[in-house]
Amino acid sequence: MKEIIFKNNDSEVLIDSNLSYYLFSKFFMYFLEDDSISKKYIISENKIQDLNNILENYLNEILRKWYKEPDEKELQKYSTRFEKIKFNTKIYKVNYRMSEIGRLVFLVYNLLKMLNDSYINRENLSIIIKDCQ
């Protein structure tokens, strides 16, 4: 699978090969025009908004289908496993350490924040796609 790195002037997000598997079908297929080992894309301001819309729809779909509110006992016992995210005026408590869905939600949420920051600051965004060995 592929490893993907998002970079702007302020931050960097690394998507490992396990989580990139879930994103390729929704987000990255149009980047893969040929089979070269390494690719780097510069996404401009107008394309950032398109990518943001795709990811927002994907996050909505994930949360609608698979999100389950953790019970209070679990939150108290394992509080460090959970992160609160605010998306579409609702607060979700996602287990980003022990749950694949939680890790994916947390990743997409952070990518959305990075895209918004890049758009607001009128920065370009670099996306680097690498094959993993």
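Predicted, not measured: the structure shown is a model, and the values here were computed from it.

Chemist: Would you mind showing me how to read the pairing of strand 1 (residues 2-7) here?
Modeler: With six bridges joining them, strand 1 and strand 6 (residues 125-131) adopt antiparallel strand pairing. Following the sheet pairing, Glu3 is matched in strand 6 by Lys130. Pairing of strand 1 with strand 2 (residues 12-15), which is carried by four bridges, proceeds in the antiparallel orientation. Across the sheet, residue Ile4 finds its bridge partner in strand 2, namely Ile15. Following strand 1, the chain reverses through four residues before pairing antiparallel with strand 2.

Chemist: Hey, could you run me through helix 4 (residues 100-120) in this one?
Modeler: It helps to recall that an α-helix has 3.6 residues per turn; residues three or four apart then point in one direction. Relative to the 30 Å expected for 21 residues at 1.5 Å per residue, helix 4 spans 30 Å between its end C-alpha atoms, a close match to the ideal helical length. Those residues of helix 4 that fall on the buried side of the exposure criterion are Gly102, Leu104, Val105, Leu107, Val108, Tyr109, Leu111, Leu112, Met114, Leu115 and Ser118. The backbone nitrogen of Ile101 has a side-chain oxygen 3.3 Å away, supplied by the residue at the start of helix 4, namely Ser99. Downstream of helix 4 by a residue or two, Arg122 has a phi angle that is positive, lying close to 55°.

Chemist: Can you help me understand helix 2 (residues 45-66) in this one?
Modeler: The end-to-end C-alpha separation of helix 2 is 32 Å, in line with the 32 Å expected for 22 residues at 1.5 Å each. Taken as a whole, helix 2 has its buried residues at Ile48, Leu51, Asn52, Leu55, Tyr58, Leu59, Ile62 and Leu63. Each buried residue of helix 2 lies within a common arc of 135° when the element is viewed along its axis, so the set occupies one face. Facing away from the buried side of helix 2 by over 90 degrees, the exposed positions are Asn46, Asn57 and Arg64.

Chemist: Teacher, can you tell me more about the layout of surface pockets here?
Modeler: One number sums up the size of the largest pocket: a volume of about 190 Å³. What lines the largest pocket is a set of 14 residues, among which Tyr67, Lys68, Lys93, Asn95 and Ser99 lie closest to the centre. Elements supplying a minimum of two residues to the lining of the largest pocket: helix 2, strand 5 (90-95) and helix 4. Partitioning the lining of the largest pocket into residue classes produces eight nonpolar, three polar and three charged.

Chemist: Got a minute to help me understand the pattern of salt bridges in this structure?
Modeler: Side chains that differ in charge, positive against negative, can pair when their charged atoms come close. The tally for this structure, following the rule as stated, stands at four salt bridges. Measuring nitrogen to oxygen at the nearest pair gives 3.8 Å for the salt bridge that ties Glu12 to Lys7. Residue Lys7 is classed as partly exposed on the basis of its relative accessible area, which comes to 33%. Of the charged contacts, one joins Arg103 and Glu100 as a salt bridge, the two residues approaching to 2.6 Å between their closest N and O atoms.

Cut-offs used in this document
- Residues numbered from 1 in each chain as written.
- Predicted model: local features only at pLDDT ≥ 70, side-chain atom pairs only at ≥ 80, totals over all residues.
- Heavy atoms only, no water.
- Pairing = 2+ DSSP bridges.
- Helix = DSSP H or I, 4+ residues; strand = E, 2+ residues; numbered from the N terminus.
- Expected span 1.5 Å × (residues − 1).
- Buried < 20%, exposed > 50% of the residue type's maximum accessible area, 1.4 Å probe, protein only.
- Polar contact = N/O pair within 3.5 Å; in protein donor to acceptor, adjacent residues only side chain to side chain.
- Arc of directions from axis to C-beta.
- 1 Å grid on protein atoms, 1.4 Å probe; cavity = no way out; pocket = protein on both sides within 12 Å on 5 of 7 lines; lining within 4 Å.
- Points joined across faces, edges and corners; volume = space filled by probe spheres on them.
- Nonpolar A, V, L, I, M, F, W, Y, C, P; charged D, E, K, R; others polar.
- Salt bridge = Lys/Arg side-chain N within 4 Å of Asp/Glu carboxyl O.

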